[in-house]
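# Per-entry structural report
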Amino acid sequence: MSTIKVNDIEEATSGGGKFAVARAWARWNMSGTAAIVDSFNVSSLTDLGVGISRKTFSNNFANADYCIVGQAGRLNDSGNRIIGVHGGQSNPTTSTTDMAMFSLASAYNDLTYGAASWFGDT
Amino acid sequence: MMTQYRVIFDDPDALDEPTKVLVPSDRWMKEAMEGNLPPISVYWELQDDEQQAIAEGRHSEFKHDPEKLAAQYTAPRIGPLTEQEALEYLIMKDLPRKCWAEEHNRPMFKIVTVDQVPSDRTFRNAWEMAA
């Protein structure tokens, strides 16, 4: 396998806009015993309590100002669900993000589907 | 590879909270066992710098030193690890340092197999780690 090393990726047409790619992503399951379904640049998931999990990155971000895009749901089940950054004095950090999953009634939920991508400086 | 191991641990600063369960990433374990990790000290230096910024109330403006950050990718690799060694490295990287670097009157973490972790959270929340 070969590696392509570049600093920026620009569109070849339409003015050469730059692309940003996710620096980390993960999909996980909190139902039963927590599990990582698949991930990139994530070294571990920690089950911190009902619906709450910590993702630790394989390699740190340059700062904690990264953007997180996440989704949560119950596979093969009904009802809407929500995912968010779990509040804390020093969360997120450059190496970890604590996330919580909820039902619409604002109760923490161990959901079968959690997914997130992280965009930021590394 | 899919590791069958998990690390259960208590945070010495929050002993009233339920026991936590760390799940290693299969992709990270593969990288570790293929010898693609830098020395653990690379991550400790980054953790120390960020913790200092948090303690001094300047985390919102904090940026890692570019050279220390780049060492994650440029430091000489430590060579292939066994599964056990990879888990020990991960404990020192991803668990709170107080769990493994300080002495306590009972164990603060244990490596277990996935089938030893109850899937029912009611049982798990009642756990207390014994020697």
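In short, a report on the structure. No experiment lies behind these values; they were computed from the predicted model shown.

## Overview of the nonpolar core
Counting 19 residues, the largest nonpolar core has A:W28, A:L45, A:M101 and A:W118 as its most contacted members. For this core, the secondary structure elements donating two or more residues are β1 (24-29), β3 (42-49), β7 (96-103) and β8 (113-119) of chain A. Looking at this core element by element, the count peaks at 3 residues for β1(A). Grouped together as the second largest cluster of nonpolar side chains are 18 residues, B:A32, B:I40, B:L81 and B:C99 included.

## Some details on the interface of chain A and chain B
Buried accessible area, meaning the area lost when the parts come together, often serves as the stated size of an interface. Facing the 37 residues of chain A at the interface are 31 residues of chain B. Between chain A and chain B, a total of about 2600 Å² is buried, with carbon and sulfur atoms accounting for 47% of that surface. On the chain A side of the contact with chain B, A:T33, A:N59 and A:N60 bury the most area, a combined 20% of that side's loss. Counting the contacts that link chain A with chain B gives 3 salt bridges. A salt bridge links B:R27 to A:D38, with the shortest nitrogen-to-oxygen separation between them at 3.5 Å. Summed over the shared surface of chain A and chain B, the number is 19 residue pairs in polar contact (both at pLDDT 80 or more). Only β2 (35-40), β3 and β4 (52-57) of chain A provide two or more residues apiece to the side of chain A that touches chain B. Residue contributions to the side of chain A that touches chain B peak at 8 residues, all from β3(A).

## Overview of the packing of helix α2 (residues 40-55) of chain B against helix α4 (residues 83-94) of chain B
All names here are of chain B. Running from N to C, α2 and α4 cross one another at 10 degrees; their axes reach a closest spacing of 9 Å. When the axes of α2 and α4 are compared, the pair comes out roughly parallel. Where α2 crosses over α4, the two elements pack in a sense that is right-handed. Where α2 approaches α4, its residues I40, Y43, W44 and Q47 are matched on the opposing element by Y89, M92 and K93.

## Re the sheet that holds β1(A)
All names here are of chain A. Strand order in the open sheet formed by 4 strands is β2-β1-β8-β5, with antiparallel pairing between adjacent strands. The open sheet terminates on both sides in strands that have one partner only, identified here as β2 and β5 (67-73). Across the sheet, the mean angle separating the axes of adjacent strands is 10 degrees when strand polarity is ignored. Two strands pair when backbone bridges link them, and β5 and β8 are joined in this way by 7 bridges, in the antiparallel orientation.

Criteria and thresholds
Residues numbered from 1 in each chain as written. Chains lettered and ligands numbered in written order. Predicted model: local features only at pLDDT ≥ 70, side-chain atom pairs only at ≥ 80, totals over all residues. Heavy atoms only, no water. Core = buried A, V, L, I, M, F, W, Y, C linked by side-chain atoms within 4.5 Å. Buried < 20%, exposed > 50% of the residue type's maximum accessible area, 1.4 Å probe, protein only. Helix = DSSP H or I, 4+ residues; strand = E, 2+ residues; numbered from the N terminus. Contact = heavy atoms within 4.5 Å. Buried area = accessible area lost by both parts, 1.4 Å probe. Salt bridge = Lys/Arg side-chain N within 4 Å of Asp/Glu carboxyl O. Polar contact = N/O pair within 3.5 Å; in protein donor to acceptor, adjacent residues only side chain to side chain. Axes fitted to C-alpha atoms, helices over the stretch in contact; angles between N-to-C directions. Parallel < 35°, antiparallel > 145°, perpendicular 65-115°, else oblique. Left-handed = near helix turned anticlockwise from the far one by under 90°. Pairing = 2+ DSSP bridges.

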